[in-house]
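# An overview of the molecular structure
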Amino acid sequence: MLFNPKAVSFLLACSIAGITVAFLYLVEKSFLPLMIVGVLSFSSSFILTYMTFEFLIFREIQKVYASMDKITQRELRQFSHNTNQSNNPIRRINHEIIAYASKKEREIDELKKLEAYRKEFIANISHELKTPIFAAQGYILTLLDGAIDDEKVKYKFLKKAGKSLNNLDAVVQDLLTLSQIESGVISMKPEVFDLQSSVLDVYEQLESKAHKKGMKLKINEINEDGVYVDADPTRIMQVMINLVHNAIKYGRVNGWVEVGFKENGDLVDVWVQDNGHGISEEDLKRIFERFYRVDKSRSRKQGGTGLGLSIVKHILEGHDTHIAVESEIGKGTRFFFSLKRAD
């Protein structure tokens, strides 16, 4: 039986009338008076009980439920559906409160994670900016303290100060680029171009860096007709430079870096692979975060802003695609994504 004011009032009225008639039956054996008493006791009990439940309990609970529903803004419809839309308002509001509390608890946990990420981001950016500023400041102050009179020292320190300021400029420029991409100031301008030719240009730019480590730069399979995609050539060039440069920087000495293409329907699958030291599973989850470095001390010695992969991620998301990565310690790393194929 459905749990509502009428049902509850009916059951209570029947019980009260039954008890009253049974009690009077012991005194009065006449049928008519007993029937009149039974009807009167049932009617009065039903009306009083119904009025009590309807106006003092059920309606007030329904108001609470309606207010709760406005607070949650219908965010818990699925939860209510799973509880079979019980007609018991007390049970319904209990489910709603539990679901709402669970949702808020998840939001609080997410806010705590974001707060931890914010603190880490501020610490990282402070360090990235502080390092070149302090270095340049130290060299310049040393010159001002008298070292400027020594020609060799002056040239050496000015060169180092200039390098530190260049590093600072690189961090600021990457932060600005990332911010502009996220805010939509920099939009992707797709056009048809030969991706394979762009990769060969990237190899030409980074050939000297690869040569210093004895690394080979190769393409999985040269396509004589080229590999044409519909994307922003400047931004995709930036993506390939970042990925190939990272592969060289963290790759194995006398190793190799390979870029490959494969047509996949309306898409072209692209990958950048190396046979380097690999990345741990824990680090794989965070490598696209700003300023996150797998080996912090080694990374800073080799340069870079720590924003390259984050920029790569946002550029590819601007092309309605995503970058993924798989890696195995001691065997290497493989980054891969897809771009729209051009006829």
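In case you missed it, the structure is sitting above this.
A brief report on the enclosed structure follows.

Conventions and cut-offs
Residues numbered from 1 in each chain as written. Predicted model: local features only at pLDDT ≥ 70, side-chain atom pairs only at ≥ 80, totals over all residues. Heavy atoms only, no water. Patch = residues over 30% accessible without salt bridge, like charges linked within 9 Å, V, L, I, M, F, W, Y side chains within 5 Å. Areas by Shrake-Rupley, 256 points an atom, 1.4 Å probe, with all protein chains shown as cover. Salt bridge = Lys/Arg side-chain N within 4 Å of Asp/Glu carboxyl O. Helix = DSSP H or I, 4+ residues; strand = E, 2+ residues; numbered from the N terminus. Buried < 20%, exposed > 50% of the residue type's maximum accessible area, 1.4 Å probe, protein only. Core = buried A, V, L, I, M, F, W, Y, C linked by side-chain atoms within 4.5 Å. Contact = heavy atoms within 4.5 Å. Expected span 1.5 Å × (residues − 1). Bend = angle between axes of the 7 residues up to and from the residue. Polar contact = N/O pair within 3.5 Å; in protein donor to acceptor, adjacent residues only side chain to side chain. Phe/Tyr/Trp six-rings, centres within 6.5 Å; stacked < 30°, edge-to-face > 60°. Lys NZ or Arg CZ within 6 Å of the ring centre and 35° of its normal. Pairing = 2+ DSSP bridges.

A surface patch of nonpolar side chains, about 380 Å² in accessible area, is lined by F23, Y25 and L26. By secondary structure assignment, the location of Y25 is in helix α1 (residues 5–25). What makes Y25 partly exposed here is its relative accessible area of 44%.

Moving on, we come to the nonpolar core. Counting residues in each nonpolar core, the largest one holds 49 residues, and the members touching the most others are L195, M240, L243, V244, F261 and F337. Discounting residues that sit within four places of it in the chain, L243 has contacts with V272, L309, V312, I323, F335 and F337.

Turn by turn, an α-helix covers 3.6 residues, leaving residues three or four places apart pointing in a common direction. Counted at 1.5 Å a residue, the expected span for helix α6 (residues 195–212) with its 18 residues is 26 Å, and the 26 Å between its end C-alpha atoms agrees. When the local axis directions of α6 are compared, the greatest deviation, roughly 55°, occurs at L206. With a side-chain oxygen positioned 3.1 Å from the backbone nitrogen of Q196, the residue opening α6 is D194. G214 occupies a position one or two residues after α6 and carries a positive phi of about 70°.

All right, on to the packing of aromatic side chains then. All told, the structure shown has 4 aromatic pairs when counted by the stated rule. Considering the side-chain rings of F42 and F46, the 6.1 Å spacing of their centres and the 15° angle between planes classify their relative orientation as stacked. With F42 and F46 both in helix α2 (residues 31–72), this residue pair falls 4 residues apart, about one helical turn. For F42, a relative accessible area of 25% puts it in the partly exposed group. The aromatic ring of W256 is capped on one face by K218, whose charged end is 4.5 Å from the ring centroid.

In this sheet, strand β5 (residues 267–274) lies alongside strand β4 (residues 256–264) in antiparallel orientation, the contact comprising 8 bridges. The residue of β5 that forms the bridge with E263 is V268. Between the antiparallel neighbours β4 and β5 lie 2 residues, among them G265 with a positive phi of about 70°. The sheet contact formed by β5 and strand β7 (residues 332–340) spans 8 bridges and is antiparallel. Bridging across to β7, V268 finds its partner in L339.

One can find S164 in helix α5 (residues 151–183). For S164, a relative accessible area of 9% gives the class buried.

The next thing to look at is the pattern of salt bridges. Side-chain pairs of opposite charge can arise where the charged atoms are in close proximity. Summed over all chains, the structure comprises 6 salt bridges. As a salt-bridge pair, K313 and E317 come within 3.1 Å of each other at their nearest N and O atoms. One end of the pair is K313 and the other is E317, both in helix α10 (residues 308–318) and 4 residues apart, which spans about a single turn. Accessibility expressed as a relative area gives 27% for K313, which makes it partly exposed. Overall, E317 belongs to the partly exposed group, its relative accessible area being 32%. Residues participating in the shared-partner salt-bridge network are K103, K104 and E107.

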